[in-house]
Amino acid sequence: MIAVLSADKNWGIGLKGELLVRIPNDMKNFRKITTGNVIVMGRKTLESFPNGAVLPNRVNIVMTKNPDYKAKGAVIVHSEEELMEKLKEYPDLKVYVIGGESIYRQLLPYCEEAYVTRIDYSYQADRYFPNLDEMEDWEMTSEGEEQTFFDIEYYFNIYKRK
């Protein structure tokens, strides 16, 4: 599995159910990476998308504890075990974990890579990704060149599990 996220200087990823900032080039990069593959997310992440609709041209898997939850076009699973069984149906596709905080924390032990758009700014946030720079079993293997969107500087970085 590969985690895909956008995080600020403090590893903040969201506030009140929304991304901290929307950077068009980041969205384009996300679309390029995930299209044609499997994306795994929590219920709140799906509901944060426009009209709560699944993302096209991807297998959308939603993890939720709610046994009655339904979402048009999404595969619903209720546990890590159920997710792992479901993923066996897609052996030739890459699996991207796309949030939110609790799903990242739950599935990070299964991830071998993380594609992190690091934003050089500290936003107010109430959701965070674990700080990979402080984790002994992770290392940044690629630091992208500085990009800018108006006055926001950001980098496309890749981390790998050691």
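As a reminder, the structure under discussion sits directly above these lines.
1. A few points about the overall build of the chain
Helix and strand counts for the chain stand at 4 helices and 12 strands. Overall size of the chain, expressed as C-alpha extent along the three principal axes, is 40 × 35 × 25 Å. Across the 162 residues of the chain, 44% fall into the buried class. Considering only residue pairs separated by 6 or more positions, the chain has 62% of its internal contacts joining residues 24 or more positions apart. Carbon and sulfur atoms make up 49% of the accessible area of the chain, which amounts to about 9200 Å² in all. The centroid of the 21 positive side-chain charges in the chain is displaced by 6 Å from the centroid of its 26 negative side-chain charges.

2. Some details on the nonpolar core
With 28 residues, the main nonpolar core has Leu5, Ile61, Leu83, Phe129 and Leu132 as its most contacted residues. Secondary-structure elements contributing two or more residues to this core are strand 1 (2–7), strand 4 (38–42), strand 5 (59–63), helix 3 (80–87), strand 7 (95–99), helix 4 (101–107) and strand 8 (113–119). The residues contacting leucine 5, other than those within four sequence positions of it, are Trp11, Ile13, Tyr104, Tyr115, Val116, Thr117 and Phe129. The next biggest cluster of nonpolar side chains, apart from the first, holds 17 residues, and it includes Ile33, Tyr69, Ala71 and Ile98.

Rules used in this analysis
Residues numbered from 1 in each chain as written. Predicted model: local features only at pLDDT ≥ 70, side-chain atom pairs only at ≥ 80, totals over all residues. Heavy atoms only, no water. Helix = DSSP H or I, 4+ residues; strand = E, 2+ residues; numbered from the N terminus. Buried < 20%, exposed > 50% of the residue type's maximum accessible area, 1.4 Å probe, protein only. Contact = heavy atoms within 4.5 Å. Areas by Shrake-Rupley, 256 points an atom, 1.4 Å probe, with all protein chains shown as cover. Lys, Arg positive; Asp, Glu negative; His and termini not counted. Charge placed at Lys NZ, Arg CZ, Asp CG, Glu CD. Core = buried A, V, L, I, M, F, W, Y, C linked by side-chain atoms within 4.5 Å.

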